[in-house]
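Structural features, examined
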Number of protein chains: 2
Amino acid sequence: MVSIPTLTDSAFLQACRGERPAHTPVWFMRQAGRSLPEYLAIREGTTMLDSCFRTDMVVEITMQPVRRYGVDAAIFFSDIVVPLKAIGVDLDIVPGTGPVVAEPIRSQAQLEQFRDIEPDDIAPITDAVTALVGELGSTPLIGFAGAPFTLASYLVEGGPSRDHRLTKQLMYSDPELWHALLARMAAIASQFLRAQVEAGASAIQLFDSWAGALSLADYETYVKPHSATVLASVADLDVPRIHFGVGTGELLHSMGDAGADVVGVDWRVPLDEAVRRIGPDKAVQGNLDPTVVFAPTEFMQARAAEVIEAGRAAKGHVFNLGHGVLPATDPDALARLVDFVHGYETA
Amino acid sequence: MVSIPTLTDSAFLQACRGERPAHTPVWFMRQAGRSLPEYLAIREGTTMLDSCFRTDMVVEITMQPVRRYGVDAAIFFSDIVVPLKAIGVDLDIVPGTGPVVAEPIRSQAQLEQFRDIEPDDIAPITDAVTALVGELGSTPLIGFAGAPFTLASYLVEGGPSRDHRLTKQLMYSDPELWHALLARMAAIASQFLRAQVEAGASAIQLFDSWAGALSLADYETYVKPHSATVLASVADLDVPRIHFGVGTGELLHSMGDAGADVVGVDWRVPLDEAVRRIGPDKAVQGNLDPTVVFAPTEFMQARAAEVIEAGRAAKGHVFNLGHGVLPATDPDALARLVDFVHGYETA
């Protein structure tokens, strides 16, 4: 009798649940995207946002790194501003810049545009998820959304910001508007994640890309309650919830405590130290410096081995980079990295 | 008999030495610069780099915030690439971008251009320091330099970088060239600091702006020895040595251990926690979030009080922002902040 692998056997889901899979599972943030020539080819002539709303493109782009690398999970190709675009917010993704919002948020009246997501708004996306789940078979699909703080930062700044000055100014000066804005973002992120899981995603990742700009005290006062709302909103769906931000060494415990099953860690904190901060009851994800894949193969492998060894301190460990794949990354280096992680002897 | 205040009475120098001054001393990183209308006026028609080599402008720009705010220290107006420009490196400071290097460093042969600084190279600068010390009287002048890693990052990337990819690639792939480059940067930073102190500066700050991009292990292997060289090189001059970088929560102990007397801390780590990491034998500097000065005055004052209270855990505390003054900052808010810090009851 031939045993057909099922999602339950997935090394990725096992590690997320704190079980010990036969090999260390690995996927990469931004594995689908600019580092792949096949991605650049398919994107030619289509804007980023349009491609996120075209079922065929989402499916193909999501599958590309799975075919190429044999990673242990797919992550649904999208952008964190997609749910906002889906409800009609006037924004665009400008190449070389990032999301740009036409009318930055300054007043309570502007919050009206942030209505609930209706199924029709995101039908091309949920269709893509359903198609992907069929095509992926025993490889799980990770759904994702931007966390309330990061979404709000784009909306308040009008685009990417290094200092998040306007965002923090609003947060400090008008906490009522701030919390109303974040509550709306939490509702939208929750609806977006729920739709993805109901369409077949096996896990979710909540990206709080910019949370590392905050002190722990500010994070806990102004941000954590809203991230917790999002994570709690999908608790009944029984899929692992991954929560990640960059430069969040001071926030790791709190981000886990917001309701994550798996805490993503960037390269600044070794995973064994991260486990000490997060606590023993959660799995971790990470955390090879994304620039290490530009180093000679032996150097990269030695660093990957250190990550795997440090990850043994955790209840479960999903190997990843400590941030997204850099656009200049050589896909062959990532292929070698996947092979190395898969071949590394488990304890 | 009237007692004339001398440098020895300086609250800033006392706090740096771990003594207890009568009030908490305060200055601001980038206190001289774009947030001041009088700065924008004097800079009109002169490039950033030209202004750094004009004695009269350096003196005037350095004095502007001292006159306006009554801060407890002046910091010599310059840019971290100035010593490189002084020895003839082909670089420019592009408005809105930052330092741009004509020929990014890729090979050992290119290191030849990084010759030692001769007194004539920086005569306009040392002249400015001497003039400033006379004008400042009992207010100390802080000299400064960019740390070897941050200087090298500009030289390898060719300009500012978010991911420091080329820098780390060189570091990981060609450690011999890397260490040779950093050794040259350390020599130049040492010479630049020494010249400033010999011309009359009462303290120095070594800025490792980008060190927070590194894990602790990478910092200790590739960077710390060279920063330590710089800090050791001015040890005999008997001036306090401040060492600062952004996002360096994981590195604080190591940066102190590199030979600092005062460790600068950004806003992500409360000062009492920073003291636990750094150890009891050093003073700290920081660490109000620079965006807090955009909040209502009472909010700003409450946060400043928290910083002062947390700073009591340290042997000595110099109040500062956790990063440079943002260009959009209202100078009146900074004036109110100085008054608040000066009026805050000391224990």
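Residues numbered from 1 in each chain as written. Chains lettered and ligands numbered in written order. Predicted model: local features only at pLDDT ≥ 70, side-chain atom pairs only at ≥ 80, totals over all residues. Heavy atoms only, no water.

Once that is clear, we can look at the sheet that holds strand β9 (residues 317–321) of chain B. Spatially, seven strands are ordered β1-β4-β5-β6-β7-β8-β9 (chain B) in an open sheet, and the strand pairing comes out parallel. Where the open sheet ends on each side, the last strands, each with one partner, are β1 (74–75) and β9 of chain B. (Pairing = 2+ DSSP bridges. Helix = DSSP H or I, 4+ residues; strand = E, 2+ residues; numbered from the N terminus.)

All names here are of chain A. Following the UniProt record, one finds the feature "binding site: substrate" (unreviewed entry) at Arg30, Gln31, Ala32, Gly33, Arg34, Asp79, Tyr154, Ser209 and His323. In three dimensions, the annotated residues from a span of 294 residues occupy distinct locations, with a maximal C-alpha spread of 23.0 Å. The topology assignment puts Gly33 in the loop between α1 (11–16) and α2 (37–43). Residue Gly33 is classed as buried on the basis of its relative accessible area, which comes to 6%. As for its position among the elements, Asp79 is in the loop between β1 (74–75) and α5 (82–86). Take Asp79: its relative accessible area is 15%, and that puts it in the buried class. Those residues in contact with Asp79 that sit more than four places away from it in its chain are Met48, Cys52, Ile93, Pro99 and Phe144. A distance of 3.0 Å separates a polar side-chain atom of Asp79 from the backbone nitrogen of Val81. (UniProt positions renumbered as here; feature names shortened; annotations may be inferred. Buried < 20%, exposed > 50% of the residue type's maximum accessible area, 1.4 Å probe, protein only. Contact = heavy atoms within 4.5 Å. Polar contact = N/O pair within 3.5 Å; in protein donor to acceptor, adjacent residues only side chain to side chain.)

Turning our attention to the packing of helix α8 (residues 165–173) of chain B against helix α9 (residues 175–198) of chain B. All names here are of chain B. Across the interface, α8 lies against α9 with an axial gap of 5 Å and an inter-helix angle of 115°. Residues Thr167, Leu170, Met171, Tyr172 and Ser173 of α8 pack against Pro175, Leu177, Trp178 and Leu181 of α9. Within the contact of α8 with α9, the residues separate by chemical class into seven nonpolar, two polar and no charged. (Axes fitted to C-alpha atoms, helices over the stretch in contact; angles between N-to-C directions. Nonpolar A, V, L, I, M, F, W, Y, C, P; charged D, E, K, R; others polar.)

Each copy superposes on the other: chain A lies on chain B with an RMSD of 0.0 Å after a rotation of 180° and an axial shift of 0.0 Å. Those values place the two copies in the arrangement expected of a two-fold rotation axis. Interface overlap between copies is the fraction of interface residues in one copy that are interface residues in the other; for chain A against chain B it reaches 100%, indicating a shared surface. (Least-squares fit on C-alpha atoms with pLDDT ≥ 70 in both.)

Taken together, the contact between chain A and chain B spans 28 residues of the former and 28 residues of the latter. Carbon and sulfur atoms make up 52% of the area that chain A and chain B hide from each other, which totals about 2,500 Å². The three residues of chain A that bury the most area against chain B are Tyr172, Glu250 and Arg268 of chain A, which together make up 24% of that side's buried surface. Where Arg303 of chain B meets Asp218 of chain A, a salt bridge forms, and the shortest distance between an N and an O atom there is 2.6 Å. Along the contact surface separating chain A from chain B lie ten residue pairs in polar contact (both at pLDDT 80 or more). At five residues, the largest contribution of residues to the side of chain A that touches chain B is made by helix α8 (residues 165–173) of chain A. (Buried area = accessible area lost by both parts, 1.4 Å probe. Salt bridge = Lys/Arg side-chain N within 4 Å of Asp/Glu carboxyl O.)

Let us now look at a negative patch on the surface. Residue and element names in this part refer to chain A. A surface patch of like charges, here negative, comprises Asp50, Asp90, Asp92 and Glu103. By the secondary structure assignment, Asp90 is in the loop between α5 and β2 (91–94). For Asp90, a relative accessible area of 52% puts it in the exposed group. (Patch = residues over 30% accessible without salt bridge, like charges linked within 9 Å, V, L, I, M, F, W, Y side chains within 5 Å. Areas by Shrake-Rupley, 256 points an atom, 1.4 Å probe, with all protein chains shown as cover. Lys, Arg positive; Asp, Glu negative; His and termini not counted. Charge placed at Lys NZ, Arg CZ, Asp CG, Glu CD.)

Residue and element names in this part refer to chain A. Across the six residues that make up strand β8 (residues 283–288), a large majority, six, are buried. In this fold, the crossover linking strand β7 (residues 262–264) to β8 by way of helix α12 (residues 271–278) has right-handed handedness. Pairing of β8 with strand β9 (residues 317–321), which is carried by five bridges, proceeds in the parallel orientation. Within β9, the residue paired with Asn287 across the bridge is Asn320. Read as a crossover between parallel neighbours, the route from β8 over helix α13 (residues 297–311) to β9 is right-handed. (Right-handed = clockwise from strand over helix to strand, strands pointing away.)

Residues and elements named next belong to chain A. Here strand β6 (residues 241–244) shows no split at all, with Arg241 and His243 on one side and Ile242 and Phe244 on the other all buried. Alignment of strand β5 (residues 203–207) against β6, held across four bridges, turns out to be parallel. Residue pairing for β6: Phe207 is matched across the bridge by Phe244. Inspection of the sheet shows β6 paired to β7 by two bridges, in the parallel sense. Along β7, the bridge assignment pairs His243 with Val263. Each parallel crossover has a hand, and the one from β6 via helix α11 (residues 252–257) to β7 is right-handed.

All names here are of chain B. Leu271, Ala274, Val275 and Ile278 are the residues of helix α12 (residues 271–278) that are buried. Take α12 and look down its axis: the buried residues cluster within an arc of 100°, on one side only. Contacts made by the buried residues of α12 are with α11 (252–257), β7 (262–264), β8 (283–288), α13 (297–311) and β9. Looking one or two residues past α12, Gly279 carries a phi angle of roughly 105°, positive in sign. (Arc of directions from axis to C-beta.)

At Val223 of chain A, helix α10 (residues 216–233) of chain A shows its maximal bend, which comes to roughly 55°, and the proline Pro225 of chain A appears one to four places after that position. For α10 of chain A, the complete set of buried residues consists of Asp218, Tyr219, Tyr222, Val223, Lys224, His226, Ser227, Val230 and Leu231 of chain A. (Bend = angle between axes of the 7 residues up to and from the residue.)

The next point concerns the packing of α13 of chain A against helix α14 (residues 331–343) of chain A. Residues and elements named next belong to chain A. For the pair α13 and α14, interaxial distance at closest approach is 10 Å and the crossing angle is 45°. Classified by the angle between their axes, α13 and α14 sit oblique to one another. Helix-helix and strand crossings are classified by hand; for α13 and α14 the assignment is right-handed. Side by side, α13 and α14 meet where Thr297, Met300, Gln301, Ala304, Ala305 and Ile308 of the first sit next to Ala333, Arg336, Leu337, Phe340 and Val341 of the second. Residues that form the contact of α13 with α14 fall into these classes: eight nonpolar, two polar and one charged. (Parallel < 35°, antiparallel > 145°, perpendicular 65-115°, else oblique. Left-handed = near helix turned anticlockwise from the far one by under 90°.)

Okay, the confidence of the model for chain A next. The pLDDT averaged across chain A works out to 96; a share of 99% of its residues lies at or above 70. Across the interfaces of the predicted complex, the ipTM metric reaches 0.95, alongside a pTM of 0.96. (pLDDT = per-residue confidence, 0-100.)

This brings us to the packing of aromatic side chains. Residues and elements named next belong to chain A. Applying the stated criterion across every chain yields a total of 22 aromatic pairs over all chains. Ring centres of Phe340 and Tyr344 lie 5.6 Å apart, and the angle between their planes is 55°; on these two criteria the pair is classed as tilted. Summarising the burial analysis for this pair, Phe340 and Tyr344 share the class buried. Among the aromatic side chains, those forming a connected cluster through ring pairs are Phe76, Phe144, Phe192, Phe207 and Phe244. (Phe/Tyr/Trp six-rings, centres within 6.5 Å; stacked < 30°, edge-to-face > 60°.)

Scanning the model with the defined rule gives 38 salt bridges over all chains in all. Several salt bridges converge on common partners, so that one network encompasses Glu250 of chain A together with Glu273, Arg276 and Arg277 of chain B.

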